[in-house]
Amino acid sequence: MRVLVVEDEPSLREGISDLLRGDGHTVTAVGDGIAGVETGLAETFDLVVLDLMLPRLDGTEVCRRLRAARPGLPILMLTAMGSEDDKVRGLSEGADDYVTKPFSARELLARVRALGRREPVTESLDEVVVEGATIDLARMVVVRGDQRSTLTPREVGIVRWLYQHQDRVVTRAELLEQVFGQRGDLQTRAVDMAIAVLRKKLELDPAKPQLIISVKGAGYAWRLER
Ligand code: CA
């Protein structure tokens, strides 16, 4: 595999790189978050080993930016503190797995191998086909039978975000930040209104949504259950 290692501590960065090279991988190693994003976007990697605490740009933000551009890229987070908060934060930012420092060589290699074996979940996401409807995200239209609705860029963003995170519930605040580019709980009503409009275009019966599901007290999910 081609592995990108983002770790600011030189001895650890070199140690991890040597370990991975010894396991047959091709390694590129950088020492801060900005370099991590730039290298991760400029080249193609099969896996990123990403430290959480990094200079210039935090590991969670590196993860978020890489994930936004490369949804299927596996990311293994290195967390220093080992607190549950950091683990949950790392995973919620899109990391696939984490190891807590200090870790053994055996543990790191096992996680790297496990992530490398995983089937890629990436899709071009130009088109989502669901029962009775085709959502063409590239052309920004929904076709359901002979009914054709156009989508706004923001609606395309909502569909993409929910679809790419369909394994979990997406909060209103998250949609607000990631798709609307805004922060603050006061505006979350705007998310609800946008979802209501979007459902009229996507859903067979907007009163009984089957695609964008409301999860009480939590947010929205792309059809959690069938
Ligand atoms: Ca660090």
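The model shown is predicted, which means the values in this text are computed figures rather than measured ones.

Some words on the coordination of the calcium ion
Then, in step 1: Summarising the metal site, the calcium ion is bound by the protein donors Asp8 (OD), Asp51 (OD) and Met53 (O), whose distances to it range over 2.1 to 2.3 Å.
Then, in step 2: As a motif over one chain, the donors of the calcium ion read D-x42-D-x1-M.
Then, in step 3: Residue Asp51 is classed as buried on the basis of its relative accessible area, which comes to 2%.

Quick notes on the packing of aromatic side chains
Then, in step 1: Enumeration according to the criterion identifies 1 aromatic pair in this entry.
Then, in step 2: On the basis of an interplanar angle of 85 degrees and a centroid distance of 5.6 Å, the ring pair of Tyr163 and Trp222 is categorised as edge-to-face. Placement of Tyr163 in helix α6 (residues 153-164) and of Trp222 in strand β11 (residues 219-222) is noted, with a sequence separation of 59 residues between them.
Then, in step 3: For Trp222, a relative accessible area of 1% puts it in the buried group.
Then, in step 4: Above the plane of the ring of Phe45 lies Arg2, whose end atom (NZ or CZ) is 5.2 Å from the centre.

A few points about the sheet that holds strand β5 (residues 97-100)
Then, in step 1: In spatial order, the strands read β2-β1-β3-β4-β5; together these 5 strands make up an open sheet with parallel pairing. Of all the strands in the sheet, the pair left with one neighbour each is β2 (26-30) and β5. Each neighbouring strand pair of the sheet contributes to a mean axis angle of 20 degrees, computed without reference to strand direction.

Scoring rules and cut-offs
- Every chain is numbered independently, its residues counted from 1 as its sequence is written.
- The predicted origin of the model limits local features to residues at a pLDDT of at least 70 and limits the giving and counting of side-chain atom pairs to 80 or more, whereas totals for whole chains, interfaces and linings rest on all residues.
- Water and hydrogen atoms were dropped before computing side-chain values, which therefore reflect all heavy atoms in the structure.
- Coordination shells were defined by N, O and S atoms within 2.8 Å of each metal, extended to 3.2 Å for Na, K and Ca; water is absent from the atom set, which can make sites look incomplete.
- Using a 1.4 Å probe on the protein chains alone, a residue whose accessible area is under 20% of its type maximum counts as buried, one over 50% counts as exposed, and one in between counts as partly exposed.
- Pairing of aromatic rings covers Phe, Tyr and Trp, the last counted by its six-membered ring, and requires centre-to-centre distances within 6.5 Å; plane angles under 30 degrees mean stacked, over 60 mean edge-to-face, and any other angle means tilted.
- In DSSP terms, a helix is any run of H or I states spanning at least four residues, a strand is any run of E spanning at least two, and both are numbered starting from the N terminus.
- Cation placement over rings: the criterion is NZ of Lys or CZ of Arg within 6 Å of the ring centroid and within 35° of the ring normal.
- Pairing between two strands requires that DSSP report at least two bridges joining them.
- Angles run from 0 to 180 degrees between N-to-C directions of axes, and those axes are lines fitted to C-alpha atoms, restricted for helices to the stretch in contact.

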